[in-house]
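Understanding the architecture of this molecule
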Amino acid sequence: MANLPSVIELRKDAVQLVKQLEQAVQRLRSATTRPVRDRRQTENRRRLLAKQTTDSALADIQLERILAGNDLTDINYLAIGLQRARSVGRILLREHGRPAGFATGFLIAPSIMITNHHVFPDAETARNSLLQMNYERNAAGQEVTPVEFRFDLRVQPIIHKPLDFAIVAVEPVSVDGQPLLSFNWLPLNPEPGKAFVGEYLTIIQHPGGERKQICVRENKLLKYSENEPWVWYQTDTVGGSSGSPVFNNTWDVVALHHQAIPKLDEKKRILAKNGRP
């Protein structure tokens, strides 16, 4: 259990994150045009890549590959993805001590997790739920024993319905004594435009409450909202994917998965992937 000063610091960290997100939303709403691949966005992306790689020449190569839609990338792409995946967990929703549903959440700071508002509409829902890390299969295809953490309701959750997110503190030690810090966290950057339209995105998720999965193909960023903080992308998700992190081609978090929107024809019929109703 965290001591009281730690709890206070967690609250400060979470409040600061919300302020940064709201400032980013305000910048989007005050923009006269939607974010596009302009010089500023390209230079911002180049700067982020240079910071990631600590090699400006390599950053230029990676940027050109992204701009050209080239799928070739360094083999460490896989290793970095595995590192990022460690911070993603399954949320087990419970009512009266019994399983009532599943969702996905991910750590964004020490002992702080984010998911959707519609997953955690109030503190009581979080109080009755568990965060299960390592709910996945290993390289041999064997099921790994998950590590379960309770949510720390001594820290008041930050629940934001308009943007459909909830930030909740997690107890720093699991129910069997393992440290949450061993799962790292995914830092959030409030600067908009971290992915180009047409760039392929990646989602790490627990679809249908199943063991951790990744969608790495046919995940193209389709468009930005004109003056709102939403992006549309094509991917495979099902119930339980709510609250998943969405990554760009270089593993920066660019969105919090919110909901699936079906493709419709002119008669408002839902279309399958083959284009048929």
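Nothing here was measured: the structure is a model prediction, and the numbers come from that model.

1. A closer look at the pattern of salt bridges
For the structure shown, the criterion picks out five salt bridges. Between Arg 211 and Glu 143 there is a salt bridge, and its shortest N-O distance comes to 3.2 Å. On the criterion of sequence distance, the pair formed by Arg 211 in the loop between strand E8 (202–205) and strand E9 (213–215) and Glu 143 in the loop between strand E4 (130–133) and strand E5 (147–150) is long-range, its members being 68 residues apart.

2. As for the sheet that holds strand E1 (residues 88–95)
Pairing between sheet strands relies on hydrogen bonds along the backbone, with the strands arranged either parallel or antiparallel. One open sheet accounts for seven strands, arranged E5-E4-E1-E2-E3-E7-E6; its pairing is antiparallel. Two strands close off the open sheet at either side, each with one partner strand: E5 and strand E6 (158–160). Adjacent strand axes in the sheet meet at a mean angle of 30 degrees, parallel and antiparallel pairs treated alike. In terms of strand pairing, strand E3 (residues 112–115) meets strand E7 (residues 165–169) through four bridges, oriented antiparallel. Directly across from Ile 112, in E7, lies its bridge partner Ala 169.

3. Some words on the sheet that holds E9
One open sheet accounts for four strands, arranged E9-E8-E12-E13; its pairing is antiparallel. One side of each edge strand has no neighbouring strand; the edge strands of this open sheet are E9 and strand E13 (253–256). With direction set aside, neighbouring strand axes in the sheet form an average angle of 25 degrees.

4. Description of the confidence of the model for the protein chain
Summing up the model confidence of the protein chain, the mean pLDDT is 80 and the portion of residues at 70 or higher is 73%. Within the protein chain, no element has a lower average pLDDT than helix H1 (residues 4–30), which sits at 64, and none a higher one than E5, at 98. The low-confidence segment residues 1–5, where pLDDT is below 50, has six contacts with residues more than four positions distant or belonging to other chains.

5. As for the pairing of E13
Inspection of the sheet shows strand E12 (residues 245–247) paired to E13 by three bridges, in the antiparallel sense. Paired with Val 246 across the bridge in E13 is Ala 255. Connecting the antiparallel pair E12 and E13 is a turn made up of five residues, with Trp 251 showing a positive phi of about 65 degrees.

Calculation notes
- Residues numbered from 1 in each chain as written.
- Predicted model: local features only at pLDDT ≥ 70, side-chain atom pairs only at ≥ 80, totals over all residues.
- Heavy atoms only, no water.
- Salt bridge = Lys/Arg side-chain N within 4 Å of Asp/Glu carboxyl O.
- Helix = DSSP H or I, 4+ residues; strand = E, 2+ residues; numbered from the N terminus.
- Pairing = 2+ DSSP bridges.
- Axes fitted to C-alpha atoms, helices over the stretch in contact; angles between N-to-C directions.
- pLDDT = per-residue confidence, 0-100.
- Contact = heavy atoms within 4.5 Å.

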